[in-house]
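Structural characterization, general
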Amino acid sequence: MKLKIKNIIILFLSIFTFSSCEKYLDIVPDGTQELSLLFNRKETAYNALANCYSYLPQNDGTYASYALLSDELAVPVPKEPDATRVMKGQQTVSAPLMGYWSGFSASGKGQGSLWEGIRSCNILVENIDLVVDMNQSEKNQWKAEVTFLKAYYHFLLVSNYGPIPIIDVNLPIDASDEEVRVERKTVDECFSYIANTIDDAVNDLPERVIGNNDLGRIDKVIAKAIKARVLLYSASPLFNGNSEFYSNFVNKAGVHFFNQNYDESKWQLASEATKDAIDAATAQGVSMYYFTDTPPTFDANNFQFQFIRDQYNNRYAITDPWNQELVWGNSSPVNNGQWWQIQSPALMKDPSSSSVEAAWQWLSPSLQMVETYYTKNGLPINEDKNFEYTSRYDLTTIQFNQRFYAQFANRTAKLNLNREPRFYSSLGFDRGINRTWGSIWNLKMRSGETHGRIANTGDYLVTGYALKKLVHQDTEGDAYNKAITYPWPMIRLSELYLNYAEALNEFSGPSAEVYEALNMIRQRAGIPTVEDAWSNANNAVTINKHLSKDGLREIIQQERSIELAFEAHRYYDIRRWKLADQYFSIPIKGWSVDEDLEANYYQIRDVGQRSFNSPRDYLQPISFTELSRNPNLVQNPGW
C-alpha cells in the first residue's frame, strides 16, 4: 500500500525536545545550542520535517476525531468520546475538550498543541540551511512544505477559536516576558496572513507529489486547494460581518476582532481561488472517482445494473487508497494494527465469526442524517412529490425492483426505500443490504436478531442505522490487522466543486457554472442534474427552487451535507453558516432498537442529547490556565 510519510516514526531526539502542552505558546525555542546538531545532516533534519507533519489532526482515530463532533453520529453512552461530550454541552474552560490550542489526550493517539506544531515549523525554516548534505532546491522545498503547514495550523486554530495570535517567527531566547505574551489579531488579519503565507509557500512546492514514498507531502495542488477552503471560510457568515454575535468582542484597544460589515467581495476571492485550485488539480490528473476494478464475485452478475455501480462509485471514493479524487490524504493514518482506528466502531459484528475484536458496532448515523439524503429523484425527501414524506416512518413491503438495496418481500420503513445511491452506499438499515467483511449481508437489526442488540451488550447501534461510508468493503473485523487502511481524506476534488458552487452563488447568484460544479458530484452520485431535478413539475414541490440565490444556497448546503457526510466537515460547515443553534440543539433520534417486535422497533425515540449555547459555542474556549499565563489574551465571548 502506498502510504509513506505514514511510516515515518516521529522521534523526539534526546538532543532536542519540543515543548510540552503546558508551554504551548512559549515561542522561544529551547535547546537552541543543540540546533546545529539536529540540522547537521539530512537524516536527522528529516525527523524535524516529520515532526512538523505529526501535528496534523487524526480524524480516523476514534477518540481524537472531529468526525464525531456534530449531529451526524451517535454512540452508546458508556462509549462516548470527548467529541460527543462537547456536543452534549459538557465543554469546560478549566480543561477544554478536543482543543487544538493546548492539545488534548485521547485513547490511542491524542492531538499535540498546534502552537507546538507552528513552533516546530518555524524552527525548521530558520535552521534547514545549516544542513550540509542537501542542495538548496531541496531545502527550499522543505521550507515551503512547513511554511504551508504553519499556515494550515493557523487556519485550524482560527476555525475553532476565531481571532488568534500570529506566530510567523520564533522569538529569540532572550525575549522579554512582554514580548512572549502575544495578543490575538483580528479575524481579517488572521485570514490574510494564512492566505499570503500559503502563497509564499507555493513557488517552491512541486506541482504534484506522485512518488509512493512521498504521498501526502505538500505540493502546489494541495496548497491551492486549502487556500480555497481558507477563503471560503473567510467569506462565510460566521467570519464575514458578524455584528450579530460579536459587536462587543474587542481587544484591549477597543478594536473589533470580527469585522462588523459584510463584504461580498470575499466570495469573489473565494470563487477565484477555488477555480484556480480546480484547474491546478485537474491539470495534474485529479478527477472524480469512478470504480474501475473488477467487482467481487458476489456482485459479478449485479454489476450490469447502474444502481449497483453507483454504489461502488460512491463508497470507494473514500476507501480506495490514494485514488484519483484525493487531493490531499493524511499519510500517517491509523493503520490496520492500531485498535483505535475509526473503522472499528463503525464495522458491524459478524455473528458467525470466532472473533470480532475489531468490529465494535456502535458508531451509528443519526436519524437527522438519514433524512438528509435525497430521494432517487435527487430531491430532499420533503421536496419530492413522489416520496411519502408524511408517512415515512410507516412500514411497507419491499418490492422486487428494490432488491438491489433491500430484502425483497420483507418489511421496513418507507424512509429506507426509494433513496439515492449515496444513501445505500453510506448507511445500513434493518432489512437492508450491507457489503462488508468481503460478502453481502442481509441485515436484520431488531433486538435479538442477527445484527441487532443482543441482551444488554454495550456494543450496539443506538439509532438502528450502521455507518458503511468509512468502512472499506473488504475490511474484516476478526482482527485489527485485517482492516484495509486508507489515508483519511483531508480534501477531495468533490469538496472543491462544492466550494466553487457555494462561493460563486453567494457572489453572483445562480449560473450555469454553479450548476456544472454541482452536477459533477451529482453525476457520480447517480442522481439527476440540479436543473432536471428542480425543474420537473411532476417531482419537485418547490418548482425551480434552483433559480434563486436563496434557494440554490439551500440546495448547495444540503448537497455538501450529503457528499461530505461523516468526513469531519459538518461541525465547521454548520458553524460557519451560523446554523448551529438550529441543528446542534436537537436530540439525536433513532428507532427503538431494544424492541424485537416489528411494530415496536419502528418507533422514533431520543437516543442522544445535543446542546448548543448560541452564540457562545460557535467558538471554543481558551483555558483559564493559558489566560492566567498570558494576560494579553482575551477570552472568547460567553466563556
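Residues numbered from 1 in each chain as written. Predicted model: local features only at pLDDT ≥ 70, side-chain atom pairs only at ≥ 80, totals over all residues. Heavy atoms only, no water.

**Thoughts on the pattern of salt bridges**
Applying the stated rule across the entire model yields 49 salt bridges. For the salt bridge of Asp-594 with Arg-453, the shortest nitrogen-to-oxygen distance reads 2.9 Å. With Asp-594 in the loop between strand S11 (588-590) and helix H21 (598-601) and Arg-453 in the loop between strand S8 (439-442) and strand S9 (465-467), this pair connects stretches of sequence that are 141 residues apart. The exposure class of Asp-594 is partly exposed, given its relative accessible area of 42%. Two residues, Glu-495 and Arg-560, come together in a salt bridge whose shortest N-O distance is 3.8 Å. One end of the pair, Glu-495, is in helix H15 (residues 493-508); the other, Arg-560, is in helix H18 (residues 549-563), and 65 residues separate them in sequence. (Salt bridge = Lys/Arg side-chain N within 4 Å of Asp/Glu carboxyl O. Helix = DSSP H or I, 4+ residues; strand = E, 2+ residues; numbered from the N terminus. Buried < 20%, exposed > 50% of the residue type's maximum accessible area, 1.4 Å probe, protein only.)

**Focus: the packing of helix H8 (residues 220-235) against H15**
It is at 10 Å that the axes of H8 and H15 come closest, and there the two elements cross at 35 degrees. H15 is crossed by H8, and the crossing has left-handed handedness. Contact residues: H8 offers Ala-225, Ala-228, Arg-229 and Leu-232, while H15 offers Glu-495, Leu-496, Asn-499, Glu-502 and Ala-503. Of the residues belonging to the contact of H8 with H15, the class tally is 5 nonpolar, 1 polar and 3 charged. (Axes fitted to C-alpha atoms, helices over the stretch in contact; angles between N-to-C directions. Left-handed = near helix turned anticlockwise from the far one by under 90°. Contact = heavy atoms within 4.5 Å. Nonpolar A, V, L, I, M, F, W, Y, C, P; charged D, E, K, R; others polar.)

**Details of the side chain of Thr-475**
Mapped onto the fold, Thr-475 is located in the loop between S9 and strand S10 (489-492). Here Gln-343 takes part through its side chain, which lies 2.9 Å from a polar atom of the side chain of Thr-475. A distance of 2.9 Å separates the side chain of Thr-475 from the backbone nitrogen of Ile-484, its partner in a polar contact. Dropping the residues within four chain positions of it, Thr-475 is found in contact with Gln-343, Leu-347, Trp-437, Lys-482, Ala-483 and Ile-484. (Polar contact = N/O pair within 3.5 Å; in protein donor to acceptor, adjacent residues only side chain to side chain.)

**Quick word on the pairing of S8**
Two strands pair when backbone bridges link them, and strand S7 (residues 433-436) and S8 are joined in this way by 4 bridges, in the antiparallel orientation. What sits directly across from Arg-435, in S8, is Ile-440. Turn length for the S7-S8 hairpin, with the two strands adjacent in sequence and antiparallel, is 2 residues, and the turn residue Trp-437 shows positive phi of about 55 degrees. (Pairing = 2+ DSSP bridges.)

**Comments concerning the nonpolar core**
Membership of the largest hydrophobic core comes to 177 residues, with the highest contact counts inside it found for Phe-39, Phe-148, Tyr-152, Tyr-153 and Trp-328. Considering every element that reaches this core, the biggest residue donor is helix H5 (residues 136-161), with 13 residues. (Core = buried A, V, L, I, M, F, W, Y, C linked by side-chain atoms within 4.5 Å.)

**Re a negative patch on the surface**
Together, Asp-174, Asp-177, Glu-178, Glu-179 and Glu-183 give the surface a local cluster of negative charge. Note that Glu-178 resides in helix H6 (residues 177-180). Under the relative-accessibility criterion, Glu-178 is labelled partly exposed at 48%. (Patch = residues over 30% accessible without salt bridge, like charges linked within 9 Å, V, L, I, M, F, W, Y side chains within 5 Å. Areas by Shrake-Rupley, 256 points an atom, 1.4 Å probe, with all protein chains shown as cover. Lys, Arg positive; Asp, Glu negative; His and termini not counted. Charge placed at Lys NZ, Arg CZ, Asp CG, Glu CD.)

**A look at H15**
Think of an α-helix as turning once every 3.6 residues; residues three or four places apart then point the same way. Taking 1.5 Å as the rise per residue, H15 with 16 residues should run 22 Å; its terminal C-alpha atoms sit 22 Å apart, in good agreement. Backbone geometry just after H15 places Gly-509 at a positive phi near 85 degrees. (Expected span 1.5 Å × (residues − 1).)

**Some remarks on the side chain of Thr-319**
Inspection of the secondary structure puts Thr-319 in helix H11 (residues 306-319). Side-chain polar atoms of Thr-319 contact the backbone oxygen of Arg-315, separated by 3.4 Å. Once you skip the residues sitting within four places of it in the chain, Thr-319 turns out to touch Lys-469, Leu-470, Val-471, His-472 and Tyr-486.

**Re the state of the cysteines**
Under the counting rule described, the total for this entry stands at 0 disulfides. A disulfide-free cysteine, Cys-121 has its sulfur positioned 3.8 Å from the sulfur of Cys-52, the nearest such atom. Classification of Cys-121 as buried rests on a relative accessible area of 1%. (Disulfide = S-S within 2.5 Å.)

**What about the environment of Ile-622?**
Tracing the chain through its elements places Ile-622 in the loop between strand S12 (605-608) and helix H22 (624-629). Along the primary structure Ile-622 and Asn-636 are separated by 14 residues, whereas in three dimensions their C-alpha atoms are 7.2 Å apart. Among all residues touching Ile-622, those that are not within four sequence positions of it are Val-93, Trp-101, Tyr-161, Arg-184, Leu-627, Val-634 and Gln-635.

**Topic: the environment of Tyr-486**
Looking at the element boundaries, Tyr-486 is found in the loop between S9 and S10. Residue class for Tyr-486 comes out buried when judged on its relative accessible area of 6%. Within the local environment of Tyr-486, its side chain forms a polar contact with the backbone oxygen of Leu-470, the two atoms lying 2.6 Å apart.

**Side note on the confidence of the model for the chain**
Averaged over every residue, the pLDDT of the chain is 93; residues scoring 70 or more account for 95%. In this model, residues 1-24 is a region of pLDDT below 50 whose contacts with residues beyond four sequence positions or in other chains number 69 contacts. (pLDDT = per-residue confidence, 0-100.)

**A closer look at helix H4 (residues 114-127)**
Along its 14 residues, H4 runs 20 Å from first to last C-alpha, staying within 8% of the 20 Å computed at 1.5 Å per residue. The element H4 is largely enclosed, with a buried count of 12 among its 14 residues. Elements in contact with the buried residues of H4: helix H1 (35-38), helix H2 (42-53) and H5. Between a side-chain oxygen at the N-terminus of H4 and the backbone nitrogen of Trp-115 the separation is 3.1 Å; the capping residue is Ser-113.

**Details of the environment of Lys-79**
Relative to the assigned elements, Lys-79 resides in the loop between strand S1 (73-74) and helix H3 (82-87). Expressed as a C-alpha distance, the spacing of Lys-79 and Gly-458, which sit 379 residues apart in the sequence, is 7.9 Å. Contacts of Lys-79, omitting those with residues within four sequence positions, involve Tyr-63, Trp-362, Gly-458 and Asp-459.

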